[in-house]
Amino acid sequence: MAILVEQYQLGPVRTNCYIVYNDDTKEAVVVDPADNGMYIKNMLEKQNLNIQAILLTHGHFDHIMAVEFLKNTYQVPILVHEEEKQILEDASKNLSGTMGGNAYIVKADRFLKDGEQLELLGTKIKVLHTPGHTAGGACYLFEEENMLFSGDTLFAGSVGRTDFPTGSMSTLVRSIKDKLMVLADDMAVYPGHESETTIGNERKFNPFIR
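Residues numbered from 1 in each chain as written. Predicted model: local features only at pLDDT ≥ 70, side-chain atom pairs only at ≥ 80, totals over all residues. Heavy atoms only, no water.

K.L.:
It is not clear to me how the pairing of strand β2 (residues 15–22) should be interpreted in this structure. Could you clarify?
P.N.:
In the case of a regular strand, side chains alternate between the two sheet surfaces. Extensive coverage of β2 is indicated by the burial of 8 of its 8 residues. Two successive antiparallel strands, strand β1 (residues 3–10) and β2, enclose a turn made up of 4 residues, where Gly 11 displays a positive phi of approximately 90 degrees. Across 4 bridges, β2 lies against strand β3 (residues 27–31) in antiparallel orientation. Its bridge partner lying in β3, Tyr 18 is registered against Val 31. Hairpin connection between β2 and β3: a loop of 4 residues separates the two successive antiparallel strands, and Lys 26 in this loop has a positive phi of roughly 70 degrees. (Buried < 20%, exposed > 50% of the residue type's maximum accessible area, 1.4 Å probe, protein only. Helix = DSSP H or I, 4+ residues; strand = E, 2+ residues; numbered from the N terminus. Pairing = 2+ DSSP bridges.)

K.L.:
Honestly, helix α1 (residues 37–46) in this entry has me stumped. Any pointers?
P.N.:
Helical geometry: 3.6 residues make up each α-helical turn, so side chains three or four residues apart lie on a common side. All of the buried residues in α1 are Gly 37, Ile 40, Lys 41, Met 43 and Leu 44. One face of α1 carries all of its buried residues, which in axial projection span an arc of 160 degrees. Taken together, the buried residues of α1 touch β1, β2, β3, β4 (50–55) and α2 (67–74). Asn 48 occupies a position one or two residues after α1 and carries a positive phi of about 60 degrees. (Arc of directions from axis to C-beta. Contact = heavy atoms within 4.5 Å.)

K.L.:
For this particular structure, what's the right way to read helix α4 (residues 169–180)?
P.N.:
Across its 12 residues, α4 extends 15 Å between first and last C-alpha, which sits within 8% of the 16 Å expected from 1.5 Å per residue. Among the residues of α4, Leu 172, Val 173, Ser 175, Ile 176 and Leu 180 are the ones counted as buried. What you see down the axis of α4 is that its buried residues fit within an arc of 155 degrees, all on one side. Residues of α4 that are buried in the fold lie against β8 (123–129), β9 (138–142), β10 (147–151), β11 (154–155), β12 (158–159) and α5 (199–205). (Expected span 1.5 Å × (residues − 1).)

K.L.:
What am I meant to see in the sheet that holds β9 here?
P.N.:
Strand pairing in a sheet relies on backbone hydrogen bonds. The paired strands run either parallel or antiparallel. Read from one edge of the open sheet, 6 strands run β7-β8-β9-β10-β13-β14, paired in mixed fashion. Lying at the two open borders of the sheet, with one neighbouring strand each, are β7 (117–120) and β14 (197–198). Looking at chain direction, β9 and β10 are connected through 3 bridges and run antiparallel. Pairing of Tyr 140 across the sheet is with Phe 149, part of β10.

In structure tokens, the structure reads:
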């Protein structure tokens, strides 16, 4: 069994949207459908993938603009950490009313808890609550596959902004140190923006957490 990742930069601030799929069963999840739902749909159909769920790392507008389209098209559940409900359901807090143009409000189908294990794609995905960028920010850990989807918690050489509603730099740094820096050096990190990195690289070179 191989779990593979396709990355697409979509939307007004080039947010990373990921299609993660089992190459044997063709089951897939979409992490942070940032924008252009039709494009994501075409990419899924091009590879004959069957979407099982939408995983949100957090609720900011640039990570959710294609959620409604995918939900309506495929009737799959939207999953997010339980502390992110207030961001998803408030256009002023998810910044869509001020920065995204149109106001976006998303109603999640399932609210997740820290440490919860999801069984999707024939593997286990661990939910890591990493508040700081937002109160309900979360990362998704594919431990067996050595992959982490970090949203706007951790970037290559940087961390997420904390000047938005429910943000806190001290909380964010503590989340990263307590939840992410305990992972293996060779853990691949797929962030919400910019390029892929590893936990080892960030441990050595990231100025925010050294």
